[in-house]
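Structural description and commentary
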Amino acid sequence: MPDLLIELFSEEIPARMQTRAAEDLKKLVTNGMVEAGLTYASAAAFSTPRRLTLTVERMLDASPTTVEERKGPKADAPEKAIEGFLRGAGLTRDDLEERETPKGNILFAKITKPGRPAADIVAEVLEHAIRNFPWPKSMRWGSGSLKWVRPLHSILAITVAEDGAQVIPMDVDGITSSDTTEGHRFMAPGRFSVTSFDDYTTKLKRAHVVLDASERADTIWHDATNQAFANGLEVIEDAGLLAEVAGLVEWPVVLMGTIDDDFLGLPPEVLKLSMKEHQKFFSVKNPKTGRIERFVTVANRETADNGATILAGNQKVLSARLADAKFFWENDLRVAKAGMAEWLDALKNVTFHNKLGAQADLVDRMATLAREVAPHVGADPDMAEKAACLAKADLSSEMVYEFPELQGLMGRYYIEAAGEDAAIAAAAEEHYAPLGPSDDVPTAPVSVAVSLAEKIDKLCGFWAIDEKPTGSKDPFALRRAALGIIRILSENQKSIALNEVLPSVFQARHAIEWKKIGENIRSGVVAAWREGRMTEAEIDAASASDFVHQYDLMHAQESLLDSTPEEVLVVAERIADAHLSAQGGSEYRNEVVPKIDDLLSFIHDRLKTYLKDQGIRHDIIDACIAMDGNDDINLLVKRARALSETLKTDDGENLIQGFKRANNILSQAEEADGVEYSYGTDVKFAETDEERRLFAALDTAEAQITPAMEHQDFQSAMQAMASLRAPIDAFFEAVQINADNPTVRRNRLNLLSRIRTICSSVADLTKIDG
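A few points on the structure.

**Section: the packing of aromatic side chains**
A full pass over the atoms with the stated rule returns 14 aromatic pairs. Consider the rings of Trp343 and Tyr414, whose centres lie 5.1 Å apart with planes at 55 degrees: the pair is tilted. Highlighted residues: Trp343 in helix 9 (residues 341-346) and Tyr414 in helix 13 (residues 409-417), separated in sequence by 71 residues. With relative accessibility at 0%, the residue Tyr414 sits in the buried group. The cationic tip of Arg99 hangs over the ring face of Phe108; the distance from NZ or CZ to the ring centre is 4.4 Å. The ring of Tyr413 carries the charged tip of Arg412 above its face, separated from the ring centre by 4.9 Å.

Here is the structure:
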């Protein structure tokens, strides 16, 4: 069984595309082989900046011969139908077999497909893969029609068997396959032939090419950390940068350089990001001071001067980059120390959303909301408001304009430089969090208040303008904002009634719109007066439209033509106020309330996803959402976790069955009798010990559950509820509910009602599955 070796050699492939491209090559070729009947034992793909390589072990030397039986038309079918079947099968009438079936005599054909040599199949599959390769971006060159990420130079395609290596003949736009490849562009130019995968990797390494990207990455990290350790320093880990740099070189040579003293005062995050984004350098810090003092770069070749020239050039370019960063930093510090008023004013000209105003409007709303939220999370309202006012100021800074990734972080530096409290500065950095499911949430009270304010305002804003997530589309990250609210409240154990907060946000937003409408009405009245064409009544009708009859302003028939501007403004204000007071209430009822309900439902859906990842079932969450206080996320989470833990026990699971049995019997009786059994049960009517023990158990459980629920001690409440399992089971085993004595029957139904009431005070158990 032969092995297969393929290499596609080209100009440099972008590092970000290499790993995916190697996997795509493997998938396209091996899938095509299997579809053609050519199976194999194993396959592996590799990539370097200039090549994609695929090795396949123990491949069949030919596809097997197959025999396919195909059912045809009836034997007495029209001749044209039979001829069409014969053409499709590639057979003659003599090749058909007639068989008797329950549906009559049917013609059958056996079609034999002879096997094909592996080389023919691989050539066909590989050409199809090359011509249809899924590059994110590709190009054409010369006069050919082939598209590739960069000009393709050669194709190595060989099968390796015991009798040696054989080239798989193929030609793709004039590129003919062979058994040769090239080594390093500078250190080992020229082509050489290979006879197997082992021979290929050995000769490549001799030609200064490390084929395996993980081996290149290990070499880079090992050499970099060793050089740093020798100087008493540490390389800052960056897995993404390591993978990218490993895709930029075929023969990694690690060099360590120094950063000019002039730039060591820059924030370490600025140094790190500037070196990473612009130069692909690793940052090296002094563990004693935490300062970044050096950098590591990776060259693609060895040089006679051990990289001194390369390092000098890199340091020169780096100094130019860092000089820009230093200029931004110093300019920004000047504005920050002056109070950042310049930046805050600039936010008025930065659009947040064309329907939601500028960033400055967002900041104003955040400040108001942060002050409202602050008492609920243990923050000082004045500090929370101040932090919200400054949290977005760095968006106008030069540093954040150059490096948007540093938003928030630079805000913390600038607010500290302005002399503000550390908690206010920290809020600028932390209010964006969490950006992902693995990110930490803010825990400092002021940061929590500002973060919640930003996320609540964002959700309310986009719900107000009806731009909600649809399907997989969520361009404004509203799902992430909702999950952020859930995580901040639950992980910080903070309780906020969203039904008290959300309406104020929507009302504030609608107040802005109503203000605009009022301004339009007032300006319309004044414009009409200036044109001298209307009486007050006519102005009312034009400005207030259908609302004019509600305002009872039609009595004002006197002309305004001789009035002063001040008098006209008074009338205009009166008309606008009347219009808005009438419209505002109905608009809030008809538009805002449904949006608040829908937004809370959206947050509940995110909560289900959040808790499902923690192993809590949807029906358990539904049982908790159905209770009062479902707008308090922290309360909901605690209740759901306690109920989930209870239902994992035998007592809890069996209690659900007892509760549902009681609820079903009670519901059927109430429907049949047309009454509600919800009061009047008395232990003196109990006829059995099981009844009396259930009365006592319910009294005990209720005495424990009521105070536990008042203190939101859901764990204790659930345990008390689960303790009812045994007496309820015993009751149903020993007692017949529908007794002949109507007084006893009614008493027992009322006892079931107590079971339902006490258990339902903890959660809506009717929504639990099973």
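Moving on, there is more to tell.
**Points about the pairing of strand 14 (residues 253-258)**
With five of six residues buried, strand 14 lies mostly within the body of the structure. In this structure, strand 14 lies alongside strand 16 (residues 292-299), joined through six bridges in antiparallel fashion. Across the sheet, residue Thr258 finds its bridge partner in strand 16, namely Arg294.

**Notes on the nonpolar core**
Counting 144 residues, the largest nonpolar core has Leu452, Ile456, Leu459 and Leu643 as the members making the most contacts within it. The leading source of residues in this core is helix 15 (residues 445-464), at twelve residues. The residues touching Leu643, leaving out its near neighbours within four places in the chain, are Ile620, Ala623, Cys624, Met718, Met721, Ala763, Leu765 and Ile768. By size, the runner-up hydrophobic cluster in this structure holds 36 residues, among which are Leu4, Met33, Ala129 and Trp148.

**Section: the sheet that holds strand 14**
Taken together, four strands build an open sheet; the order of strands is 13-15-16-14 and the sheet is antiparallel. The open sheet terminates on both sides in strands that have one partner only, identified here as strand 13 (234-235) and strand 14. Where strand 15 (residues 282-285) and strand 16 come together, four bridges link them in antiparallel fashion. Its bridge partner lying in strand 16, Lys285 is registered against Ile292.

**Description of helix 10 (residues 359-377)**
A rise of 1.5 Å per residue sets the reference length of helix 10, with its 19 residues, at 27 Å; its end C-alpha atoms lie 25 Å apart and thus fit the reference within 8%. Most pronounced at Arg371, the bend in helix 10 amounts to some 30 degrees, and the proline Pro375 follows within four residues. By the burial criterion, the buried members of helix 10 are Gln359, Ala360, Leu362, Val363, Arg365, Met366, Ala367, Leu369, Ala370, Val373, Ala374 and Val377. One or two positions beyond helix 10, positive phi appears at Gly378, with a value near 80 degrees.

**With respect to the sheet that holds strand 5 (residues 97-101)**
In a beta sheet, neighbouring strands pair by backbone hydrogen bonds and run either parallel or antiparallel. One open sheet holds the three strands; their spatial order is 4-6-5, and the pairing between them is antiparallel. In this open sheet, the two strands that pair with only one neighbour each are strand 4 (66-74) and strand 5. Averaged over all adjacent pairs, the angle separating strand axes in this sheet is 35 degrees, with direction ignored. Most of the contacts of helix 2 (residues 79-89) go to strand 4, to which it runs at about 170 degrees, and overall it touches strand 4 and strand 6 (104-113).

Rules behind the numbers
- Numbering of residues starts from 1 in every chain and runs along the sequence as written.
- Side-chain atom pairs in this predicted model are given and counted only at pLDDT of 80 or more, local residue features only at pLDDT of at least 70, and totals for whole chains, interfaces and linings cover all residues.
- Side-chain measures here rest on the full set of heavy atoms in the structure, leaving out hydrogens and waters.
- Only rings of Phe, Tyr and Trp enter the pairing, Trp through its six-membered ring, and a pair is recorded when the two centres are within 6.5 Å. The plane angle decides the type: under 30 degrees is stacked, over 60 is edge-to-face, the rest tilted.
- In DSSP terms, a helix is any run of H or I states spanning at least four residues, a strand is any run of E spanning at least two, and both are numbered starting from the N terminus.
- For the exposure calls, accessible area comes from a 1.4 Å probe over protein chains only, and a residue counts as buried if that area is under 20% of its type's maximum, exposed if over 50%, partly exposed in between.
- The rule is short: NZ of Lys or CZ of Arg within 6 Å of the ring centre and within 35 degrees of the ring normal puts a charge over the ring.
- Note on pairing: two strands pair once DSSP finds at least 2 bridges between them.
- Only buried residues count toward a nonpolar core, which is a set of Ala, Val, Leu, Ile, Met, Phe, Trp, Tyr and Cys residues joined through side-chain atoms within 4.5 Å.
- Residue contacts are defined here by distance: any two heavy atoms, one from each residue, within 4.5 Å place the two residues in contact.
- Each helix should span, by expectation, one fewer than its residue count multiplied by 1.5 Å.
- Each residue is assigned a bend, namely the angle between axes fitted to the seven residues that terminate at it and the seven residues that start at it.
- The axes are straight lines fitted to the C-alpha atoms, using for helices just the contacting stretch, and the angles between their N-to-C directions are given from 0 to 180°.

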